[in-house]
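Secondary and tertiary structure notes
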Amino acid sequence: MEECSIEELNGDWLHEVALNNTVLETLNFYLSWLDKINVKDLELIASTCPLVSLKVCDCEMTNLITIFQSATTLEEFGGGSFNETVEPEEVYPTITFPTRLRSLCITYLGRNEMQIIFPVGHLLKKLDLVYALLGTEDHCKLIQRCPNLEVLETTNVLGDNGLDMISLTCKKLKRLRIERVADEQVMEDAEGVITQRGMISLSLGCRELEYIAFYASDITNEALESIGSNLKNLSDFRLAILDGEENVTDLPLDKGVRALLLGCQKLRRLAFYLQRGGLTDLGLSYVGLYSQHVRWMFLGYVGESDEGILQFSRGCPNLERLELRCCPFSERAIAQAASDLRSLKYLWVQGYNPSPTGFDLSPMLSSSWNIELIPARREALDDGVGQIEYPAQIIAYRSLVGHRTDFPDDRSVVPFTLP
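First, a word on what this report is: a plain description of the structure on this page. What you are looking at is a predicted structure, and each value in this text was computed from that prediction instead of being measured.

This part is about the overall build of the chain. Looking only at helices and strands, the chain has 13 helices and 18 strands in total. Viewed in the frame of its principal axes, the chain has a C-alpha envelope of about 70 × 50 × 45 Å. By residue count, 52% of the 419 residues in the chain fall in the buried class. A sequence separation of at least 24 residues applies to 69% of the contacts in the chain between residues at least 6 apart. On the chain, roughly 19,700 Å² of surface is accessible, and the fraction owed to carbon and sulfur atoms is 48%. The chain carries 38 positive and 60 negative side-chain charges, and their two centres are separated by 10 Å.

Here it is as structure tokens:
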């Protein structure tokens, strides 16, 4: 039930689980915000079931002490919260995690509470800090105590200094996901930005990486070249440059992208969400030419003209799913590219150059494509001042059973058919 929207009547369901189960190994209602949970039921489950994974919602950590003592087989824990009125140095040292613990994700973890992880840091293989309240320095102190991490998920508050610490400490790291946080939080921690400096350091120190997804404030061709030279096991790479960044120093990234693709021959999934000018038509041709094994791709703000997408479509022989956003391509070029990409099964485009008649996608209809259009729309902002504009979208997928019949009545999604 992780991240589910649940209409909660009472906590009887968990009580029934506690009374009638002795073999439960996984219980997960993380981020579902259930507030009628009785901790006594969790304690009973922990004492009678061989729990391996427990992920809860907003349960005060001091109320879980008995659970951690009973659940001796527990390998994964997620959730929890902290009481701001409690003195951390008096209460939280009494929290002891099970010795089998290998994966940890604590919500609202702050500087004063992160000491509870220190004793088990060397045991952890996975650490999720996406919903923690830590600054760059806090990340460094915590990561320093987790040398055996294989999976780390956090936010760009980690900063280049945090990436330096990962490079020095986490030699076994295989997956790194860095989410974006609210701009205000980054502004509060001036060190909390990801740039080429941190990515070069990461690529030199963590040679086992297979997955990287991150939001960057700046990136250079040199950083991408370093990734291509050092991370030979990389199978999934996703780069997004933060919206509004005005000081990206080394666009276009054609040379770096080429070097990354040439160096990372195991890539199967690839995403570049850049800025205008981030990748020229030549750079886009490199993506097509050197993405021989990529099956999923997301591209934003790439190319200069229709020629870019047409050159791209001459490559990518195994591409099955393509998503494009804010690119300067016409309907006709998109239709031609979809036809040229032999393995393509799904296409999503948001923001493109529509044709005057709207029928330049028609060549796709003869190739078993279902095409649906989402018209452009505008919505008022919450403060009532100004509007936000959503560009038109194209959704196309191959099907042998014809068009779907459940289009919404408000025509927010409409089928593309010839007149």
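After presenting the structure, the write-up continues.
As a further point, take the packing of aromatic side chains. Under the defined criterion, the tally for this structure stands at 9 aromatic pairs. Residues Phe359 and Phe416 carry aromatic rings whose centres are separated by 6.3 Å and whose planes lie at 50° to one another, so their mutual orientation is tilted. Highlighted residues: Phe359 in the loop between strand S13 (346-350) and strand S14 (369-374) and Phe416 in the segment after strand S18 (414-415), separated in sequence by 57 residues. Relative accessible area serves as the criterion here: at 34%, Phe359 is assigned to the partly exposed category. Within the aromatic cluster, the residues linked to one another by ring pairs are Phe68, Phe77 and Phe97. Residue placement shows Arg377 over the ring face of Tyr390; its charged tip is 4.1 Å from the ring centre.

By the definition in use, this model includes 0 disulfides. Take Cys105: it sits in no disulfide, and the sulfur closest to it among the cysteines is that of Cys57, at 13 Å. With no disulfide of its own, Cys264 lies 14 Å from the sulfur of Cys206, the closest cysteine sulfur.

Where strand S11 (residues 296-300) lies against strand S12 (residues 321-325), 5 bridges are found, and the strand directions are parallel. Paired with Trp296 across the strands is Arg321, a residue of S12. Considered for its hand, the β-α-β crossover made up of S11, helix H12 (residues 306-312) and S12 is right-handed. Here S12 runs beside S13; their pairing, made up of 5 bridges, is parallel. Within S13, the residue paired with Arg321 across the bridge is Tyr346. Remark: the S12/helix H13 (residues 331-340)/S13 crossover connection has right-handed handedness.

It is worth spelling out empty space enclosed by the protein at this point. Under the definition given, this model contains 3 cavities of 30 Å³ or more. Space inside the largest cavity adds up to approximately 60 Å³. Leu261, Cys264, Gln265, Leu267, Tyr290, Ser291, Gln292, His293 and Val294 together form the lining of the largest cavity. A class-by-class count of the residues in the lining of the largest cavity yields 5 nonpolar, 4 polar and no charged.

Our next topic: the packing of helix H9 (residues 221-230) against helix H10 (residues 254-263). Across the interface, H9 lies against H10 with an axial gap of 7 Å and an inter-helix angle of 5°. Relative to H10, the element H9 lies roughly parallel. Of the residues in H10, those touching H9 at Asn221, Leu224, Glu225, Ile227 and Gly228 are Asp254, Lys255, Gly256, Val257, Ala259, Leu260 and Gly263. Grouping the constituent residues of the contact of H9 with H10 by class yields 5 nonpolar, 4 polar and 3 charged.

Before going further, it helps to spend a moment on the pattern of salt bridges. Oppositely charged side chains can form a pair if their charged atoms are brought close together. Inspection of every chain in the model, using the stated rule, returns 15 salt bridges. One salt bridge connects Arg177 with Glu179, and the closest N-O pair in it is separated by 2.2 Å. With relative accessibility at 22%, the residue Arg177 sits in the partly exposed group. Connected through salt bridges with shared partners, the residues Glu153, Arg177 and Glu179 form a single ionic network.

Conventions adopted
Residues numbered from 1 in each chain as written. Predicted model: local features only at pLDDT ≥ 70, side-chain atom pairs only at ≥ 80, totals over all residues. Heavy atoms only, no water. Helix = DSSP H or I, 4+ residues; strand = E, 2+ residues; numbered from the N terminus. Buried < 20%, exposed > 50% of the residue type's maximum accessible area, 1.4 Å probe, protein only. Contact = heavy atoms within 4.5 Å. Areas by Shrake-Rupley, 256 points an atom, 1.4 Å probe, with all protein chains shown as cover. Lys, Arg positive; Asp, Glu negative; His and termini not counted. Charge placed at Lys NZ, Arg CZ, Asp CG, Glu CD. Phe/Tyr/Trp six-rings, centres within 6.5 Å; stacked < 30°, edge-to-face > 60°. Lys NZ or Arg CZ within 6 Å of the ring centre and 35° of its normal. Disulfide = S-S within 2.5 Å. Pairing = 2+ DSSP bridges. Right-handed = clockwise from strand over helix to strand, strands pointing away. 1 Å grid on protein atoms, 1.4 Å probe; cavity = no way out; pocket = protein on both sides within 12 Å on 5 of 7 lines; lining within 4 Å. Points joined across faces, edges and corners; volume = space filled by probe spheres on them. Nonpolar A, V, L, I, M, F, W, Y, C, P; charged D, E, K, R; others polar. Axes fitted to C-alpha atoms, helices over the stretch in contact; angles between N-to-C directions. Parallel < 35°, antiparallel > 145°, perpendicular 65-115°, else oblique. Salt bridge = Lys/Arg side-chain N within 4 Å of Asp/Glu carboxyl O.

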